[in-house]
Amino acid sequence: MRDKNLQKNKAQKTPSMQRYINWCFAVTILAVFILGSFMVFNQKSSANYLENYFTVLDNIYKIRDLITNTSDEANKYILNKDSYPIEEIRTKLEQHKKDIEANSANFLLSSYFAETDSVLNKDKLLTEINNYIEFLGKFITASASSDGTVYLERAVVDSRSRLLPMLSDAAEGYTSDYNARLNATAKSQLIWLIGTFILFLIISIAILHPVSKKIARAYDLMVKQNQVRAKLLAGMNHRLRTPIQTIVSNTNKILKESSDKKFHHDAIAIINSADIVLNTINDIVDFHRMETGRFSIEQKSINLKKIVEQVISPLAEEAKDKGVELKFDILKDAPTSILGDSGRIVQVLSNLVSNAIRFTEKGKVEIRIEKIQGKNSENFLKVQVIDTGAGIEKNKQKGLFDWFSAENLYDDNEVDTGKGFGLSIVKTLVKEMGGDMGLDSEPGKGSNFWFTLPANQNSASGANTIAETFAGVAVILAEDNNASREFSTGMLENLGCKVYPAENGQAAIDQAKKNKFSLIFLDCQMPVMDGYETAKKLREMMQKNEIASAPIVALTAASDSGNKEKCIAAGMDDYYCKTVNLKDYQMILEKWIKAKNKKTA
Amino acid sequence: MTPELSNLSSFPAMDSATVEQTRQILPDRFSLIVQFYLKDTEQAINEINTAVTTKNIKAVNANAHKIKSSANQVGALKVGEAAKLLEHKAKATEAENPDDNYLSQIRNYADALSSAFAESAVLYKKFL
């Protein structure tokens, strides 16, 4: 517990890669936000300038037009004083003075005006406008006198000689300034943009470089860990499986030879525990293969009934001992055979059925197979394993098939739900085979674990058909030589047979007493009981109907003359010299199984 | 050295065709088969050596027979042939009452078998 807490604290203090990346992104976003704000501010300032430019220019032109028009009118009055009524010109000039004052006021109020001092020569311009207005005022006040006309003449002359050129210069200078500022704004915007991009690039590199280093280091570490794990698993597979098989085999041997009931109980516990360890090893090896994609799915024609029998046969005794009825039902519309991987399907179904038996205290476990249609009307096979066990609560069903859910990997209450690492494996297998897997369960009523598989069929010939022909055919293989027994078991299983290996003649007889077999292979030289004696005893038992009748075939490495006759005399039907290869086994099966119309166990 | 033992060199320590065919048919089992072959053959050779020392020719014969079977099965043809020669020699009439000369010949055959196995073991261990 203390260690766990220490590990937890350490994990909390260590910044994770995710947290580091989050921080990096936050800094990047902040930097881009600041730069973006500068750009927006810059653009806003340019927009204000544009707006002011048109207002100021409009004012300048208005004042210029007013002065030009009024100056013309005043000149007319000066030249034709006698015919031009003075009241008329006074009224016009009063209005003109007001307009000039108003526009000047606008001009002066313009916020941009203050900034354009150098271009507009603001002070001089204002002085000139004020003088002009003053002269007009003086004329209006003293219009009847000759002094009044002098003021008007000065206003006209001054406006034409200084004020109007000054206003034109101002408009021109202001426009030049506008163009210059526009270019400067465009340049500054471009510089901001490039600057922002470079800054973004620098920050990104500064952030991503260490991140990429961390990722590269993490990846290297992961690859190394996977290599170590692969070696470890490969070693574990070989180094654990063999001694455990030896434990099982020797315990079985001792179990047969001992009559002590207490010992029987303990021995069975040893065998059951060893089975659990073997299954766990299989799960781990399968998990590794799936993780690394190093497993393949076969597509061979398989017989569904044989598959179910293959699953039920080793579990029947356990179910019987618990008082649980084990039954299966293949509905009429279901195909008799499909294309698939028999080994994988057996693995999936065995997992579900053994779990169902394990967690059902009374009642039954039923395997139901039916044909269903997929979304696009394609045919699927639905296999259901229905039990009358305790059922699984809704909250425990979640994540039941997940690989990496904490509940699945570290659940201490596995016994409560019947789940385990195996369910994740079998679901992955089903998915790889093109199907799906699920669960319907209600606490107190039981569970229905189901899976679907594509119900593809073909008229395959050759090896597939052979495997189907001999699928589930039960044979005894008596062979004391470990390598030869493993070899022959593999060959016969490859042809679809269900092989019951025996290490000597006595073990073969014991097997024959338990089940019906279609064929019995006997090695001639074996310890405990050799092949000749075994054949004699088997024949006697067959004649007395103590065991089912079956052909006996000798497989021997002895090539002495007269050995064949010795075998036949002992009651054997056929005789083959080792080594016997796949084709030989196929030929023997065709000869003795087909001829006897497939007597299956 | 007898002509029979001299002829052993014409047999391959590992028949690649047999190995490849078996690996193809039994990809998951081949490693275990080789493991059994190496372990059981080594044990049988030890028993043969003990049997030669104790003049137990029957045990020599039984163990040679055992080796012959599994060696040929995995394609270790030189070992299979050496085991066959030893088995035949151990079945000879001299086995009833072995003299020193006969025991010396048996020892030669057993040594040839040991050498053949050592040669094949190097090649097969890579499948473990």
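Along every chain, residues carry numbers that run from 1 in the direction the sequence is written. Chains and ligands are labelled sequentially in the order written, the chains with letters from A and the ligands with numbers from 1. Local features in a predicted model are, by the rule used here, given only for residues with pLDDT of at least 70; side-chain atom pairs are given and counted only at 80 or more, and totals for whole chains, interfaces and linings are based on all residues.

Student: Whenever I open this one, the overall build of chain B confuses me. Can you help?
Tutor: Labels follow the DSSP assignment, with helices taken as runs of H or I lasting at least four residues and strands as runs of E lasting at least two, numbered in each case from the N terminus. For chain B, the helix and strand inventory stands at 6 helices and 0 strands. Seen in sequence order, chain B has helices and strands lined up from the N terminus as α-α-α-α-α-α. Contacts in chain B between residues at least 24 apart in sequence constitute 72% of all its contacts with a sequence separation of at least 6. A pair of residues counts as a contact when their C-beta atoms, built from backbone coordinates, are within 7 Å of each other.

Student: Looking at this structure, how should I read helix α15 (residues 482-494) of chain A?
Tutor: For an α-helix, the turn length of 3.6 residues means that residues three or four places apart are oriented alike. Residues and elements named next belong to chain A. For α15, which comprises 13 residues, the first-to-last C-alpha distance of 18 Å matches the rise-based estimate of 18 Å (1.5 Å per residue) to within 8%. Three exposure classes are used, all based on how many other C-beta atoms lie within 10 Å of a residue's own C-beta (placed from the backbone): buried at 20 or more, exposed at 12 or fewer, and partly exposed between those limits. All buried positions along α15 are accounted for by N482, A483, S484, R485, E486, F487, S488, T489, G490, M491 and L492. The first or second residue beyond α15 is G496, which carries a positive phi of 100°. Any helix carries an expected span of 1.5 Å times its number of residues minus one.

Student: Whenever I open this one, the interface of chain A and chain B confuses me. Can you help?
Tutor: In many reports, interface size means the accessible area that the parts give up when they come together. Between chain A and chain B, the contact holds 16 residues from the first and 19 residues from the second. At the level of secondary structure, the elements contributing two or more residues to the side of chain A that touches chain B comprise α6 (146-257) and α15 of chain A. Here the side of chain A that touches chain B gets 8 residues from one element, more than from any other, and that element is α15 of chain A. Side-chain classes are defined by residue name, with Ala, Val, Leu, Ile, Met, Phe, Trp, Tyr, Cys and Pro counting as nonpolar, Asp, Glu, Lys and Arg as charged, and the others, Gly among them, as polar. Its residues assigned to classes, the side of chain A that touches chain B shows 5 nonpolar, 9 polar and 2 charged.

Student: Just to check I follow, could you spell out the confidence of the model for chain B for this structure?
Tutor: Predicted coordinates in areas of low pLDDT are best not read in detail. All names here are of chain B. Confidence in the prediction of chain B, expressed as mean pLDDT, is 87, and 95% of residues score 70 or more. For every residue, the pLDDT score states the predictor's confidence, bounded by 0 at the bottom and 100 at the top. Within chain B, the lowest mean pLDDT, 73, falls on helix α1 (residues 3-6), and the highest, 93, falls on helix α3 (residues 30-53). At the level of chain-chain contacts, confidence expressed as ipTM amounts to 0.93, with global pTM at 0.41.

Student: What's the story with the nonpolar core in this structure? I'm lost.
Tutor: Most often, soluble globular proteins have nonpolar side chains that are buried together. Counting 121 residues, the largest nonpolar core has V475, I476, I520, F521 and L522 of chain A together with L86 and L113 of chain B as the members making the most contacts within it. Ranked by residues supplied to this core, first place goes to α3 of chain B with 12 residues. As used throughout, domain bounds are those supplied by an automatic or database domain assignment. Structurally, this core is a two-domain feature, drawing no fewer than three residues from each of domain 2 (299-454) and domain 3 (470-594) of chain A. Each residue touching V475 of chain A, except ones within four places of it in the same chain, is listed here: L492, C497, V499, F517, S518, L519 and F521 of chain A. In plain words, the nonpolar core is the set of buried Ala, Val, Leu, Ile, Met, Phe, Trp, Tyr and Cys residues that C-beta atoms within 7 Å link up. Formed by 22 residues, the second largest nonpolar core is a distinct cluster that contains Y132, F135, Y151 and V156 of chain A.

Student: Before we go on, may I ask you to explain unusual backbone geometry in this structure?
Tutor: For residues besides glycine, phi is generally negative; the peptide bonds are generally trans as well. With a phi angle near 60°, N545 of chain A is a residue other than glycine that sits in the positive phi range. Inspection of the secondary structure assignment puts N545 of chain A in the loop between α17 (531-543) and β11 (552-556). The phi dihedral of K55 of chain B falls on the positive side, at around 60°, and the residue is not glycine. Note that K55 of chain B resides in the loop between α3 and α4 (57-74).

Student: Would you mind going over the sheet that holds strand β6 (residues 437-442) of chain A with me for this structure?
Tutor: Paired through backbone hydrogen bonds, the strands of a sheet run either parallel or antiparallel to each other. Residues and elements named next belong to chain A. For two strands to be treated as a pair, DSSP must find no fewer than two bridges joining them. Spatial ordering of the open sheet is given by β2-β4-β5-β7-β6, a layout of 5 strands whose pairing is mixed. A strand with exactly one partner marks an edge of an open sheet, and here the two such strands are β2 (324-330) and β6. When strand polarity is set aside, the average angle formed by the axes of neighbouring strands in this sheet is 15°. Contacting β2 and β4 (363-373), helix α8 (residues 304-322) runs over the sheet at an angle of about 165° to β2. Of the strands in this sheet, β2, β4, β5 (379-387) and β7 (446-454) touch helix α9 (residues 342-358), which is tilted by about 20° from β5. The convention used is that axes are lines fitted to C-alpha atoms, helices contributing only their stretch in contact, and that angles between N-to-C directions extend from 0 to 180 degrees.

Student: In this structure, what is going on with the sheet that holds strand β9 (residues 498-502) of chain A? I would like to understand it.
Tutor: Residues and elements named next belong to chain A. If you trace the 5 strands from one edge of the open sheet to the other, you get β9-β8-β10-β11-β12, paired in parallel fashion. Across the chains shown, the open sheet's two edge strands, defined by having one partner strand only, are β9 and β12 (574-577). Across the sheet, the mean angle from the axis of one strand to that of its neighbour is 20°, orientation sign disregarded. In the packing of helix α16 (residues 505-514) onto the sheet, the strands contacted are β8 (474-478), β9 and β10 (519-523), and the crossing angle to β8 comes to about 160°.

Student: What is the right way to read the pairing of strand β1 (residues 300-303) of chain A from this model?
Tutor: Successive side chains on a regular strand alternate, one facing one side of the sheet and the next facing the other. Residues and elements named next belong to chain A. What you see with β1 is no split at all: K300 and I302 on one side and S301 and N303 on the other are buried throughout. Sheet analysis places β1 next to strand β3 (residues 337-340), joined by 4 bridges and oriented antiparallel. The partner of K300 across the bridge, within β3, is G340.

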